[in-house]
Amino acid sequence: MKMVIFDIDGTLTNTNTVDEECFSKTCQEVLGLEGVSTDWGSYKHSTDSGIVDQIFREAVGRPPNPSELQRFIAHFVSLMDAVHRKDARRFQVTRGVERLFEQLVERDWSVGIATGAFRASAELKLKLTGIAPLTVPLSTADEAFDRTEIIRRTMQKILEASPKVTEVEGIVYVGDGLWDWKASRALPAGFVGVTAYGDLSRFAKVGVQHVVPHFEERDRFFQYLEEASQFER
Ligand SMILES: [Mg+2]
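Quick notes on the rules
- Residues numbered from 1 in each chain as written.
- Predicted model: local features only at pLDDT ≥ 70, side-chain atom pairs only at ≥ 80, totals over all residues.
- Helix = DSSP H or I, 4+ residues; strand = E, 2+ residues; numbered from the N terminus.
- Expected span 1.5 Å × (residues − 1).
- Buried ≥ 20, exposed ≤ 12 C-beta atoms within 10 Å, placed from the backbone.
- Contact = placed C-beta atoms within 7 Å.
- Core = buried A, V, L, I, M, F, W, Y, C linked by C-beta atoms within 7 Å.
- Domains from an automatic or database assignment.

Caption draft 1: Broad picture of helix α1 (residues 16-31). The end-to-end C-alpha separation of α1 is 21 Å, in line with the 22 Å expected for 16 residues at 1.5 Å each. Those residues of α1 that sit buried are Val-18, Asp-19, Cys-22, Phe-23, Thr-26 and Cys-27. Structurally, α1 contributes buried residues whose contacts are with α2 (48-60) and α3 (66-86). Where α1 ends, the next residue or the one after it, Gly-32, has phi of about 70°, a positive value.

Caption draft 2: Broad picture of α2. Compared with the 18 Å implied by 1.5 Å per residue over 13 residues, the 18 Å span of α2 between its first and last C-alpha is a close match. Elements that come into contact with the buried residues of α2 comprise α3 and α5 (119-129). Note on α2: the residue one or two positions beyond its end, Gly-61, has a positive phi of about 80°.

Caption draft 3: Region of interest: the nonpolar core. Among the nonpolar cores identified, the biggest contains 57 residues, and Val-4, Ile-5, Ile-151, Val-172 and Tyr-173 are the most heavily contacted of them. There are two domains that each give this core at least three residues, and those are domain 1 (2-15 + 91-229) and domain 2 (16-88). Discounting residues that sit within four places of it in the chain, Val-4 has contacts with Leu-104, Trp-109, Val-111, Val-172, Val-174 and Leu-225.

Take it as geometry only, folks, not as evidence of what the structure does.
Okay, structure coming up:
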């Protein structure tokens, strides 16, 4: 079996901006915190749960309790939903995502999603954009602060859904952030970088070999997945 696991924001969808906006607004409206850093890469864990945990500890000296966390997530997701109702164009799907999962399955790839977003946020984006059925194995920041661990959870879910499989021949994570590349290396797994909305040079700087601007050039993407899956494990 070969596995390909996707990040959501900035990879499958153009939602980094709306995500950042709603997150910052939630920090203001729920926690009363102005000017929270949006340099997500500077946090210990660049995932929603990890960032909220760190923000809380720094602001009040302890992690959020379950009801505080629930309140934060509910507010965050309601803001995102409101943005979508006002302007659905802010939730664009990356070029070439249409039929991508089906075609990967036809090529014997098992597909999953591992996101640093909270589950409610991830499911809302999947629902609003229609990019993937909610039956696709999905792990989120609700399960761990650490992205490597979140990817590992998705791998586990893919394996549980395929009980007859005994051998994993290759694993590739597809993401738009340097933290995605770092998480792949820690796993370890192969990596394909996506630069649909971000700085084109960030992957080149660290020597990532397989980078695509989007998913429209199917042959190139499939070839990169094959090459990246040969990553020595
Ligand atoms: Mg991302």
